[in-house]
Amino acid sequence: QVQLVESGGGLVQPGGSLRLSCAVSVYASRIYTLGWYRQAPGKERELVASVDSHGNNNYGDFVKGRFNIFKYNSKRTVDLQMNSLEIEHTAVYYCNAYLPLEEYWGQGTQVTVSS
């Protein structure tokens, strides 16, 4: 069982930045990828960014170089740095852990971009 707890969401103005953090209960070597997904009202959940066990990063098409994902093995966290935020980035952001035959989600953290 892997538990994921997100933090760092909130309200930010357009053009601002936020850093989300996900605490991972166990850094088992069998965790294949850790990542962040988002779900806006009325839309499907989609990939924001992920990092695999080899340190390879993958980003959603909409990110366009504004977000970065960081995995800290010593702290057992995976962070998402979001810069140049736009209103369209408003969503609930979820942390995800993917293992062979298993997948876990955090409870989500709300990010609201508004003036």
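Definitions and limits used
- The written sequence of each chain sets the order in which its residues are numbered from 1.
- Thresholds applied to this predicted model are a pLDDT of at least 70 for local features of residues and 80 or more for the giving and counting of side-chain atom pairs; totals over whole chains, interfaces and linings are not thresholded and use all residues.
- The side-chain values count all of the structure's non-hydrogen atoms but skip hydrogen atoms and water molecules.
- We treat two strands as partners when DSSP finds at least two bridges between them.
- Working definition: helices are DSSP H or I runs of at least four residues, strands are E runs of at least two. Numbering for both runs from the N terminus.
- Each axis is a line fitted through C-alpha atoms, and for a helix only the stretch in contact is used; angles between axes span 0 to 180 degrees, taken between their N-to-C directions.
- The aromatic pairing rule takes the rings of Phe, Tyr and Trp, using the six-membered ring of Trp, and pairs them if the centres are within 6.5 Å, calling planes under 30 degrees apart stacked, those over 60 edge-to-face and the rest tilted.
- The rule is simple: take the accessible area with a 1.4 Å probe, protein chains only, and divide by the maximum for that residue type; under 20% is buried, over 50% is exposed, in between is partly exposed.

K.L.:
With reference to specific residues and values, describe the sheet that holds strand β8 (residues 77-82).
P.N.:
The sheet built from four strands is open, its strands ordered β1-β3-β8-β7 with antiparallel pairing. Two strands lie at the open edges of the sheet, namely β1 (4-7) and β7 (67-72), each paired on one side alone. Recorded for the sheet is a direction-independent mean angle of 15° between the axes of neighbouring strands. In terms of strand pairing, β1 meets strand β3 (residues 18-24) through four bridges, oriented antiparallel. By the bridge assignment for β3, serine 7 is matched with serine 21.

K.L.:
How would you explain the packing of aromatic side chains if you had to name every residue and give the values?
P.N.:
Going through the model one piece at a time under the given rule, you end up with four aromatic pairs. On the numbers, 5.1 Å between centres and 70° between planes, the contact of tyrosine 37 with tryptophan 105 is edge-to-face. Here the residue tyrosine 37 occupies a position in strand β4 (residues 33-39), and tryptophan 105 occupies one in strand β10 (residues 102-105), the gap between them amounting to 68 residues. Taking relative accessible area as the criterion, tyrosine 37 reaches 22% and is therefore assigned partly exposed. Tryptophan 105 sits in the partly exposed class, given a relative accessible area of 35%. Judged by centre distance (6.4 Å) and plane angle (15°), the ring pair of phenylalanine 70 and tyrosine 72 falls under stacked.

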